[in-house]
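Chain residues, written in single-letter form:
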Amino acid sequence: MVDWTPDLTRSDKPRYLAIAEAIAEDIVSGRLSAGDRLPPQRQLAARLAVDFTTVARGYVEAQRRGLVASRVGQGTFVKAPVRQRAVAPELVDLSMNLPPEPDDPALIARMREGVAEVSADLISLLRYQGFGGARSDKVAAAEWLGRRGLAPAFERLFVVPGAHAALLGILNVLARPGDVVLAEALTYPGIRSIAAQLGIRVAGLAMDGDGIVPAAFAEACERLKPKALYLNPVLHNPTTLTVPEARRVELAEIARRHRVAIIEDDAYGFVPAVSPLPFAVIAPELTWHVAGLSKCIGAGLRIAYVVTPDARSGWPFAAALRAASVMASPLTAAIATRWIEDGTADAILRFVRADANARQRLAAEVLAPGSYRADPLSFNLWLELPAPWTRSAFAGHMQATGIGVAASDVFAADGNPPEAVRVCLGGPQSRDAVRNALEFMAHALGHPPEISSTVL
């Protein structure tokens with residue numbers, strides 16, 4: 001047995017993760033070698049003055065990473081030196097913008113407990129319910145939205161089956177085939193897809209580092225007579241920018257002057273601990289506010305809270321949504337409500353913030369400074385490609401080696417995409433997988449593009 005005691009004071013991560021990472025570092029440095037037997041868990045726990053379960057979790061995490069192997073009755077042994085990063089990484093899809101998935105056993109157990117509590121009333125949740133959400137769901141929604149400075153009356157508040165359903169209903173209310181809706185020049189692909197299905201034209205507006213350029217918005221209002229302005233103003237997908245409050249006030253004033261409705265897709269609004277005031281606070285009489293839970297809690301939680309500009313606007317919205325989806329799933333809404341009420345949603349959100357930040361720090365270690373745009377809390381980065389790389393060549397080269405990225409074409413509202421790709425860091429991909437993929441990208445960026453000149 002090797003006499004091994006890690007120094008956990010060098011890490012600010014949970015101690016069980018620090019133990020696993022210390023094992024990895026000491027394998028690389030040569031302090032630990034293949035075949036070394038690690039100290040028994042209780043013995044190491046006593047040395048480190050930590051709980052036995054902390055060491056046990058650390059060893060399990062190290063085993064999950066392929067660093068050690070446990071043999072029943074014999075102990076835990078180092079498997080082999082950490083392999084050098086290969087040029088071609090493991091298969092990893094970085095094309096979907098998803099929040100990091102919780103991996104803390106205590107948090108997962110808490111989530112399960114909430115689901116179990118909800119299932120106690122399972123039969124009633126399998127029935128049809130009134131459109132817009134049960135009163136208990138609206139109470140929870142109002143509590144959640146209150147953190148963004150919103151306090152809507154219940155007749156303006158709707159619980160709907162996800163942000164896509166909300167956007168479909170809103171566009172059905174505001175526009176008709178042939179009408180124009182404005183958006184950022186680079187915008188969320190979902191709004192483009194929904195508009196195309198409805199025969200609505202999406203026109204992109206010039207952007208700067210603070211979002212839509214006000215002069216471009218005012219000019220488009222005069223020229224195109226739009227029915228609405230669609231915005232994704234916090235951790236904008238794909239560029240990760242957040243529109244500051246001063247710019248929001250300026251855009252809202254232009255919208256008032258031209259009587260243009262604002263569709264505020266606040267998908268990422270809860271991810272930062274503090275965000276600028278929503279448009280729904282700055283210009284409530286104009287704004288349709290959509291607060292989905294998919295990006296701040298989990299993509300499978302298809303629930304969104306919609307605040308309409310006034311009670312009258314809610315009538316046609318409810319009719320449009322009822323025709324398309326009947327109602328939000330009472331079971332899914334009840335889970336969201338339970339997690340908001342018992343604090344689990346906040347716990348998940350804290351995890352998402354911490355892990356997103358850790359992944360962004362990882363990206364900063366691998367990619368050259370200034371070579372991409374990102375926010376410390378965004379789930380993605382916006383990689384602007386150096387010549388002679390093109391977006392199609394780079395995306396094709398990544399795909400050929402098992403890495404999925406999203407080329408800028410899908411985001412370009414005006415049909416003039418830049419040479420850039422969106423790279424997502426969250427979802428089910430482990431940090432090691434993300435790092436490996438980013439290291440391969442960094443290598444490719446530094447060696448353009450003969451290696452990919454034949455990629456179609």
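Our subject is the structure listed above.
Residues numbered from 1 in each chain as written. Predicted model: local features only at pLDDT ≥ 70, side-chain atom pairs only at ≥ 80, totals over all residues. Heavy atoms only, no water.

Caption draft 1: How the structure looks around the overall build of the chain. The number of helices and strands found in the chain is 16 helices and 17 strands. Seen through its principal axes, the chain has C-alpha atoms that stretch 75 × 60 × 35 Å. In the chain, which comprises 456 residues, the share counted as buried stands at 53%. Pairs at least 24 apart in sequence give 74% of the contacts found in the chain among residues at least 6 apart. Carbon and sulfur atoms make up 54% of the accessible area of the chain, which amounts to about 19900 Å² in all. Counting 47 positive and 47 negative side-chain charges, the chain places the centres of these two groups 3 Å from one another. (Helix = DSSP H or I, 4+ residues; strand = E, 2+ residues; numbered from the N terminus. Buried < 20%, exposed > 50% of the residue type's maximum accessible area, 1.4 Å probe, protein only. Contact = heavy atoms within 4.5 Å. Areas by Shrake-Rupley, 256 points an atom, 1.4 Å probe, with all protein chains shown as cover. Lys, Arg positive; Asp, Glu negative; His and termini not counted. Charge placed at Lys NZ, Arg CZ, Asp CG, Glu CD.)

Caption draft 2: Spatial organisation of helix α15 (residues 391-400). The buried fraction of α15 is high, at seven of ten residues. If you check which residues of α15 are buried, you get R391, A393, F394, A395, G396, H397 and M398. Against the buried residues of α15 lie β14 (380-384), β15 (403-404), β16 (406-407), β17 (420-424) and α16 (431-445).

Caption draft 3: Local environment of the side chain of R248. The residue R248 is located in helix α10 (residues 245-258) in this model. A relative accessible area of 0% places R248 in the buried class. From its side chain, R248 meets the backbone oxygen of L277 in a polar contact 3.0 Å long. Leave out the neighbours within four places in its chain, and R248 touches P233, V234, T242, V243, E264, P276, L277, P278, F279 and I282. (Polar contact = N/O pair within 3.5 Å; in protein donor to acceptor, adjacent residues only side chain to side chain.)

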